[in-house]
Amino acid sequence: MNKTQSIVVASLLVSVGLMSCNSGNMRRNPGKIYTPDMTYSRAYDAYTQNPNFSDTQTSRVPIKGTIANNIDLPDHLVEGDTNAYKALSTSYRFNDAELTEGGRLYMIYCGICHGTNLDGNGPLYSSGKFPAMPANLKDGKYLSMNVGTMYAAIKFGKGLMGSYSSQLQTKQRWQVIAFIKKIQSENGGSPYIYGTTTSTPGSAIVDSAATVN
Ligand code: HEC
């Protein structure tokens with residue numbers, strides 16, 4: 001046996017020896033796990049049962065009073081408290097882009113009933129499919145409606161109008177109201193005070209002396 005032959009035979013023997021460790025040609029033992037803490041989480045997985053809570057759920061709702069980042073503080077309005085509605089106002093002032101966004105939101109959520117030009121004759125009503133006449137936001141009573149009452153209508157709904165609180169965040173509600181107030185101011189309503197003179201955020205308010213109605 002020359003040197004090459006003996007190397008081949010020796011390596012064959014080693015291979016057979018290694019294979020024989022694996023009984024039945026099947027590896028049933030996964031062997032060592034690298035970083036087992038990462039393979040098997042020590043924390044409870046989101047949808048597993050959790051003995052530490054009485055309802056056994058691992059996924060918890062946020063603690064009461066938790067406020068998401070960049071979201072307005074709660075308004076504390078209670079449904080039906082019309083005096084609180086009237087007292088509610090906003091310090092939001094919107095630039096052109098934000099006002100345009102308010103208009104876009106209005107067209108998505110409100111225009112179908114209140115009409116694209118706010119006359120209460122949107123396609124849902126004019127087609128006869130919706131029984132109650134939506135408020136004509138260009139009408140005398142609504143032209144002078146205070147913004148807090150409008151806000152409450154969005155938050156809680158009014159009569160046959162449902163609540164839009166799950167669709168519109170606080171800022172978006174005020175954007176929609178600012179859009180309505182802008183159109184109203186051009187149709188006999190009180191002066192528009194929710195905008196900035198330019199589209200630059202934080203610039204001067206158009207008419208800070210006007211009363212918030
Ligand atoms: C499904 C139709 C419908 C949609 C959509 C709708 N409304 Fe209304 N809205 C009504 C009706 C109907 C009334 C009249 C309710 C009443 O006086 O009983 C009303 C009333 C109102 C009022 C007057 C509230 C009051 O106190 O008298 C405001 C303001 C208003 N809506 C704003 C909005 C805004 C803003 C949106 C979009 C976020 C919207 N509505 C979406 C049907 C709708």
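Residues numbered from 1 in each chain as written. Predicted model: local features only at pLDDT ≥ 70, side-chain atom pairs only at ≥ 80, totals over all residues. Heavy atoms only, no water.

Another aspect to go through is the overall build of the protein. Assigned secondary structure in the protein consists of nine helices and zero strands. Of the regular secondary structure in the protein, the N- to C-terminal order runs α-α-α-α-α-α-α-α-α. For the protein, with 213 residues in total, the buried portion stands at 28%. A separation threshold of at least 6 residues defines the contact pool for the protein, and within that pool the share at least 24 residues apart is 48%. Surface summary for the protein: the accessible area is close to 14500 Å², and the carbon and sulfur share equals 57%. (Helix = DSSP H or I, 4+ residues; strand = E, 2+ residues; numbered from the N terminus. Buried < 20%, exposed > 50% of the residue type's maximum accessible area, 1.4 Å probe, protein only. Contact = heavy atoms within 4.5 Å. Areas by Shrake-Rupley, 256 points an atom, 1.4 Å probe, with all protein chains shown as cover.)

Right, let's talk about the site of the ligand for a bit. In the vicinity of the ligand, 23 residues are found, and the nearest of them are C110, C113, H114, M161 and Y164. At 2.7 Å, a side-chain N or O of H114 approaches a nitrogen atom of the ligand. Within the residue set of the shell around the ligand, elements represented by two or more residues are α5 (111-114), α8 (147-156) and α9 (170-185). In terms of residue count, the dominant contributor to the shell around the ligand is α8 (four residues). (Near = heavy atom within 4 Å. Polar contact = N/O pair within 3.5 Å; in protein donor to acceptor, adjacent residues only side chain to side chain.)

This brings us to the packing of aromatic side chains. Aromatic rings considered in pairs are described by the distance between their centres and by the relative angle of their planes. Counted under the stated rule, the structure contains six aromatic pairs. Residues Y85 and F156 carry aromatic rings whose centres are separated by 6.0 Å and whose planes lie at 25° to one another, so their mutual orientation is stacked. Within this pair, whereas Y85 is found in helix α3 (residues 82-87), its partner F156 is found in helix α8, the two being separated by 71 residues in sequence. Using a relative accessible area of 10% as the deciding quantity, one classes Y85 as buried. The ring of F53 has R60 lying over it, and the distance from NZ or CZ to the ring centre is 3.8 Å. (Phe/Tyr/Trp six-rings, centres within 6.5 Å; stacked < 30°, edge-to-face > 60°. Lys NZ or Arg CZ within 6 Å of the ring centre and 35° of its normal.)

Bringing the confidence of the model for the protein into the picture now. If pLDDT is low for a region, its predicted coordinates should not be looked at in detail. The share of residues in the protein with pLDDT of 70 or more is 86%, and the mean pLDDT across the chain is 86. Across residues 198-213, where pLDDT falls below 50, the model places 33 contacts with residues more than four positions away in sequence or in other chains. (pLDDT = per-residue confidence, 0-100.)

In this structure, Q184 sits in helix α9. Residues Q184 and G140, spaced 44 residues apart in sequence, show a C-alpha to C-alpha distance of 9.9 Å. Those residues in contact with Q184 that lie beyond four places of it in its chain are L137, Y142, L143, M150 and G189.

The next subject is the packing of helix α4 (residues 96-109) against α9. Between α4 and α9, whose axes approach to 8 Å, the crossing angle comes to 95°. One finds that α4 runs roughly perpendicular with respect to α9. Each of E98, L99, E101, G102, G103, L105, Y106 and M107 in α4 lies in contact with α9, whose residues at this interface are K171, Q172, Q175, V176, A178, F179, I180 and K182. Taken together, the residues of the contact of α4 with α9 break down into eight nonpolar, four polar and four charged. (Axes fitted to C-alpha atoms, helices over the stretch in contact; angles between N-to-C directions. Parallel < 35°, antiparallel > 145°, perpendicular 65-115°, else oblique. Nonpolar A, V, L, I, M, F, W, Y, C, P; charged D, E, K, R; others polar.)

On the protein side, the iron atom of the ligand has H114 (NE2) and M161 (SD) as donor atoms, found 1.9 to 2.2 Å from it. One way to put it: the six donor atoms around the iron atom of the ligand meet at angles of 85 to 178°, and that makes the site octahedral. Of this pair, H114 sits in helix α5 while M161 sits in the loop between α8 and α9, and the two are 47 residues apart along the sequence. The class for H114 is buried, based on a relative accessible area of 12%. In this structure M161 comes out as partly exposed when scored by relative accessible area, which is 27%. (Donors = N, O, S within 2.8 Å, 3.2 Å for Na, K, Ca; no water. Tetrahedral: all angles 85-135°; square planar, octahedral: opposite > 155°, others 65-115°.)

This brings us to α9. For α9, built from 16 residues, the straight-helix expectation of 22 Å at 1.5 Å per residue is met to within 8% by its first-to-last C-alpha distance of 22 Å. Most of α9 is tucked away: twelve of the 16 residues are buried. Among the residues of α9, T170, R173, W174, Q175, V176, I177, A178, F179, I180, K181, I183 and Q184 are the ones counted as buried. Structurally, α9 contributes buried residues whose contacts are with α4, α7 (140-143) and α8. (Expected span 1.5 Å × (residues − 1).)

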